[in-house]
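Now for the letters of each chain:
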Amino acid sequence: MKKFFAIVISLVFCLCACAASAETLTVGLNAEFAPFEYVDDNGEIAGFDVDLINAMAEKMGMEVEIEDMYFDGLLGALSSDMVDCLITGMTITEERQEQVDFTEPYFSATQAVVVLKGNDSIKTLEDLQGKKAAVQDGTTGHFMAADDLGCDVSDTVYKFSSDAALDVVNGRADCMIIDDAVAQNFLKLYDELTIVEGLDMPVEEYGIAVNKGQDELLASLNDALAAVIEDGTYDELIAKYFQ
Ligand code: ARG
């Protein structure tokens, strides 16, 4: 009889534990990408993506747990199931789609070229050839600079976007190539920086990444995204972070 109770108790315990973990959505991000994700003055991880995924998780009846890590480690963390999804200003690209599935797009961006005010050596994309460009490791800005624009990134690839920005501030790099909304944010921090206008950059779209085969999770994320757009939460967050 004692044994029976022991089994029942451990079963109940197990069920509770399983249920609890099933309600947690573990989210990977790189909190070095304000205003999408950053560490705020209280040491909390905050930002548009954080608020968005929390609002979505609420619709899904789930709790969010955030794992902050280097951007170039996020896809690996997802594929090894350390996290359930990634929301981190991640551009939907064909290369990444070979590895993961993305939700419907939730934000549009382009790459911006950030330079010191008064530096007018870059007027066209061709002018970027051979220029020293500071970038964040593993980002579309990094790949574009190195592979498409012929920039020199030999010693200007950083884990932290803030280090890339400092390179431009200090004159160590000619420019930084990073997503436009994040570039705008750096302009607020450093008065000496500006964005090169009139460059013809392709449009990128951000999606939330999940492992392939996670069709149920993908569908419920898409439903939740549609729901927070529908009920106005999405627009509130746009107003909060981008106006
Ligand atoms: N949109 C770019 C990309 O997908 C940059 C994203 C960087 N995100 C971050 N949280 N550091 O590569």
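The coordinates are above.
What you see is a predicted model; the values in this text were computed from it and never measured.

Visitor: Would you take a moment to explain unusual backbone geometry for this structure?
Guide: Across residues other than glycine, the phi torsion is negative in most instances, and most of the peptide bonds are trans. A cis amide bond links A34 to the next residue, P35, at an omega of 5°. At D81, a position not held by glycine, the phi torsion is positive, near 60°. For D81, the position within the fold is in the loop between helix 3 (74-79) and strand 6 (85-86). The class for D81 is exposed, based on a relative accessible area of 58%.

Visitor: Is there a simple way to think about the pattern of salt bridges in this case?
Guide: One side chain can pair with another of opposite charge once the charged atoms of both are near each other. A complete count under the given rule lists 9 salt bridges for this structure. Between D51 and K240 there is a salt bridge, and its shortest N-O distance comes to 2.7 Å. Placement of D51 in helix 2 (residues 48-60) and of K240 in helix 9 (residues 233-242) is noted, with a sequence separation of 189 residues between them. D51 gets classed as partly exposed once you look at its relative accessible area, which sits at 21%. Taking the shortest distance from any N to any O, the salt bridge between D191 and K117 comes out at 3.5 Å. Of this pair, D191 sits in the loop between helix 7 (180-189) and strand 13 (193-195) while K117 is found in the loop between strand 9 (111-116) and strand 10 (133-136), placing the two residues 74 residues apart along the sequence. What makes D191 exposed here is its relative accessible area of 60%. Connected via shared salt-bridge partners are K132, D155, D167 and R172.

Rules behind the numbers
- Residues numbered from 1 in each chain as written.
- Predicted model: local features only at pLDDT ≥ 70, side-chain atom pairs only at ≥ 80, totals over all residues.
- Heavy atoms only, no water.
- Helix = DSSP H or I, 4+ residues; strand = E, 2+ residues; numbered from the N terminus.
- Buried < 20%, exposed > 50% of the residue type's maximum accessible area, 1.4 Å probe, protein only.
- Salt bridge = Lys/Arg side-chain N within 4 Å of Asp/Glu carboxyl O.

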